Every structure is written in structure tokens, then in C-alpha cells.
Amino acid sequence: MAARSKKSASPGMNVFEVAQAQLDRAAKAIDLDPDVHQILTQPKSELIVNFPVRMDDGSYKLFKGYRIQHNNIMGPYKGGIRYHHEVHLDEVKALAAWMTWKSALLEIPFGGAKGGIKFDPREYSKLELERITRRFTHSLGSNIGPDYDIPAPDMGTNAQTMVWMMDTYMNSGAHTLKNAVRGVVTGKSLTSGGSRGREKATGQGLVYVLQEWARERGFTLDGATVAIQGFGNVGSHAARILARLGASVVAVQDHTGAVFNPEGLHPKRLAEHVRLKGGVAGYDHATVIDREAFFATDADIFIPAALEMQITGETAPLMKCKVVVEGANGPTDLEGEEILQSRGIDVLPDVLANAGGVTVSYFEWLQNRRAETWTLEDVDRRLHTMMTAAYATMRRMAVERAVDNRTAAYCHSLNRIQTVYRERGIFP
Ligand code: NAD
């Protein structure tokens, strides 16, 4: 690996400290009221539950689950549920705060939350996953609800997980209210009350903002090259949509390794391989590369779509792209960001670039409330309008305040949140 940058801004900082530093930077840029700033430094509530689940062999295992509710001044708490063996309190706190900024940036009437269970879902059977999900939902009890806190899928969870959550929640309350509480989670299957376009929404939204960036820069996506880290929901949908626009996905890395093909990997075929084999390793229309070579891929566009803290003092100096489009939450640490800036690499930050997911979740929640079913064209058109408006707001703020894109996005969110705190005051 290349040597670390001497101007180290974040080595040793954990993900929550990075999120705090990002908030502090934007607070300074807009001279945020210190009282509002203080409130936003910590989540409103932190729920940790330890719950037992029966395994297929009859034994019981104890699981640790989290639901962190960062802020709800703009509307009900909203944010995903992550199943991953590295889930920890500070990670979920950071992810919850990022949801607050994201909803406020997109001007969606939601606050921010996040949750998760610390375990590797790949090691459990479908029946065990169902029992873990249902018991977790039961443990959350009235801490979630369609007007209070609305979970959605994130890493390691999907539409099936959400349908189990919805069903458990529905069956825990009055049976006459069953259909009134469908909106307790979003990201459900279409048949159980989901929205058209929700599955691809994060990848689709990412491509919409990338198209705005390309227009502003006079860059053509047709013929552009792309490297993607993570080939799950976000990475694989972004790849498929970009391929349809004529871009060529040349490198993909996931938890099983990295593959490269200068002629372009076939996103649909690769997604099918991942579905069958569990990862990109073993895909035979490509050569295997290591992590260092993956970050050094000669590609115009780099899309992190896996874990946090991937673009760092070690990896950022290797990167050759023109733009980083953050599909993942928090993929770039402070040092990585400084290096990208100094090298003239643009960053489309997570709170904007992956906001397509929460935006279509909002559409799903609206459809559930109104008992409506929108067409895919309608969903995509509305998503496009909201993503391009948020991109324009971010860029206007970046130019006005002479700040980077991430700080600009935060500035807009914080301004909106501050206005509401000023209007409402602090009870009592
Ligand atoms: P997913 O579970 O569908 O896929 C995760 C991917 O990350 C997989 O390809 C996995 O192999 C890869 N991965 C895991 N560990 C890795 C490692 N150590 N190195 C390289 N790759 C690794 O998850 P997803 O829903 O696509 O979420 C990916 C990211 O996007 C997360 O940061 C999530 O918070 C963010 N996000 C997701 C949504 C959504 O709607 N699903 C919305 C906004 C943001």
C-alpha cells in the first residue's frame, strides 16, 4: 500500500467522530446557533436490545440489536436496518445522523434514524433469519411506527426482511388497524405494499446526480469507465443503469475479492453470478485483482457502495478517477477527502448521492397512507425532480459559501433544521 498522507486528518478517528467533524465543519461555515449544534451532536435516543432466538438445531442464541433515533424535528424518524457482523453503537449513531442530513437536504418530511443487528446473515438459514427479524421487531415494540420511526432495508437486509418486520408489527397491535400500519417499514416487496422502483431507487438516484455532474462538467457518460466497490443492491443497480447509458463497468470489488475486465464486465451476468455464488469471486469473464489494484483502477467514475471508511489516506492516493459518487454511507474519511480534494477529484457526497433510497421510501410511505399505486414512470419522474433539485441546491451553496460539496449539502440541511428549531423553540 502507498504511504499515508502526511496531512493526516482522521487516522484513529472512528466513524462517529468523522460524522461529528463533518457536522462541525458545516456548522462553522453557516455560523450555526451553538444550542442547535449542541442538540445535533447526539441522537435523541439510543435503544439497545439483547434478545434470544431459537436456532434450527434447537439451541438458543443471544443477539444484540440497535435502533438509534437521531432527530425528528422535521418528521418521523427514518432510516435503514443493517445486518452485519461489524455493526456497533458508534457506527449506527453516525448512520442515523447522516439520515437526518439526507432527509433535510432532499426536503423530505422525515428525520433520521438507523438500526441494525450485529451478526453475519450469510451464516443463518432463512427460517433463522425470519425468527431473528421477528424477535428484533417485537423487541423494538412501540419504538417504531408509521408516524414515529420507519425502518427500511440497508446492508444485509432486503424486501423480505421488511415484510417480516411489517407482519410482526401488524400482528402485535389491534387487528382492525392492520392495514393502517403498512407504512411502518418501507422497501417492502411490491406485493406486500412496496413501491415500484424502490429496489433500484438508490442506484437510480445515484445515476441521476451523476448525470447532473456530467452535464455541469461537459462529461459524457456514454463510453465512460466505472469502478464499483460493493455489488449488492446499490452497486449492482447503479452498474446496470450506467451500462444502459453506455458506460463500461471495468472493475468490481466485494467482500469476496475484486474482478477486472478492461472491455467491461456484464452487470446483469455478474449480478446473477453474485446471486448464485454469494460474491464476485470466481466470475470467469474477468481477471482477479487485489485491493490495491482495484483502488488504482484507471476508471473515470468510482462508486463506493459497500462499507464506511474505505477511501482513506492509504487508498485515496491510488485513485485515478474524476469523480467519486458515494453510494455507501460514509465511505470517505477526513484524510481521504482531503487527498481527493487536493488531487482535483470531485466528490458527490453520500447524503445526496444515495438519497434515492429514502426518497422512494417516502413515496412508498405516501402510497401506503393514500392507498395508491404509482407507476414506475411516475416514481422515476418524481425521483429525478427531487434528486436534480437537491444537486442544484448543493452546488449553489458550494459556490456561494466557497465550500466543498459535502459541507454545502450539510449547510442546506442545517439551515432548514435550525429554522424549525427557532420557530418551535425548545420545550418546556
Ligand atoms: P447489500 O447488502 O445489498 O450489499 C453490500 C455489498 O457490500 C455486497 O456486495 C458486499 O459483498 C459488499 N461488502 C461487504 N463488505 C465488504 C468489504 N469488506 N469490502 C468490499 N465489499 C464489501 O447492501 P446495500 O443495500 O447495497 O448497501 C451498500 C451501501 O449503500 C451501505 O453503505 C448502505 O448504507 C448504503 N445505502 C443503501 C441504501 C439502500 O437502499 N439499500 C440506501 C442508501 C445507502
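Residues numbered from 1 in each chain as written. Predicted model: local features only at pLDDT ≥ 70, side-chain atom pairs only at ≥ 80, totals over all residues. Heavy atoms only, no water.

### Observations concerning the packing of aromatic side chains
- Under the criterion given, the structure shown has 17 aromatic pairs.
- Pairing Trp101 with Tyr410 gives two aromatic rings, centres 5.9 Å apart and planes at 45°, and the pair type is tilted. Within this pair, whereas Trp101 is found in helix H3 (residues 89-106), its partner Tyr410 is found in helix H14 (residues 405-424), the two being separated by 309 residues in sequence. This pair shows no difference in class: Trp101 is buried, exactly as Tyr410 is.
- Grouped by ring-pair contacts, the aromatic residues Phe51, Phe63, Tyr83, Phe119, Tyr124 and Phe136 constitute a single cluster.
- Over the face of the ring belonging to Phe16 we find Lys93, whose NZ or CZ atom lies 4.4 Å from the ring centre.
- Across the ring face of Trp374, the terminal group of Arg382 is positioned such that the distance to the ring centre comes to 3.7 Å. (Phe/Tyr/Trp six-rings, centres within 6.5 Å; stacked < 30°, edge-to-face > 60°. Helix = DSSP H or I, 4+ residues; strand = E, 2+ residues; numbered from the N terminus. Buried < 20%, exposed > 50% of the residue type's maximum accessible area, 1.4 Å probe, protein only. Lys NZ or Arg CZ within 6 Å of the ring centre and 35° of its normal.)

### Description of the domain arrangement of the protein
- Taken domain by domain, the protein comprises domain 1 (43-178) and domain 2 (201-353).
- Taken over C-alpha atoms, the centre of domain 1 sits 27 Å from the centre of domain 2.
- Each side of the interface is counted separately: domain 1 has 13 residues, and domain 2 has nine residues.
- Interface area, domain 1 with domain 2, both sides summed: about 930 Å², of which 59% is carbon and sulfur.
- A per-residue breakdown of the area domain 1 buries against domain 2 is headed by Trp98, Lys102 and Arg122, which together make up 45% of the total.
- At the surface where domain 1 touches domain 2, the tally comes to one salt bridge.
- Notably, a salt bridge pairs Glu308 with Arg82, separated by 2.6 Å at the nearest N-O pair.
- Along the contact surface separating domain 1 from domain 2 lie three residue pairs in polar contact (both at pLDDT 80 or more).
- Of all the secondary structure elements, the ones that give two or more residues to the side of domain 1 that touches domain 2 are strand E3 (77-84) and H3.
- Considering every element that reaches the side of domain 1 that touches domain 2, the biggest residue donor is H3, with seven residues. (Domains from an automatic or database assignment. Contact = heavy atoms within 4.5 Å. Buried area = accessible area lost by both parts, 1.4 Å probe. Salt bridge = Lys/Arg side-chain N within 4 Å of Asp/Glu carboxyl O. Polar contact = N/O pair within 3.5 Å; in protein donor to acceptor, adjacent residues only side chain to side chain.)

### Here's the deal with the site of the ligand
- If you check the shell around the ligand, you find 21 residues, and the closest are Asp154, Thr202, Phe231, His255 and Ala306.
- Arg82 is positioned such that a nitrogen or oxygen atom in its side chain is 2.9 Å from an oxygen atom of the ligand.
- Contact between the ligand and Thr202: an oxygen atom at 2.8 Å from a side-chain N or O atom of the residue.
- Burial of the ligand by the surrounding chains reaches 87%, relative to a free accessible area of 830 Å².
- Of the residues belonging to the shell around the ligand, the class tally is seven nonpolar, 10 polar and four charged.
- Mapped onto the domain boundaries, the shell around the ligand takes at least three residues apiece from domain 1 (43-178) and domain 2 (201-353). (Near = heavy atom within 4 Å. Areas by Shrake-Rupley, 256 points an atom, 1.4 Å probe, with all protein chains shown as cover. Nonpolar A, V, L, I, M, F, W, Y, C, P; charged D, E, K, R; others polar.)

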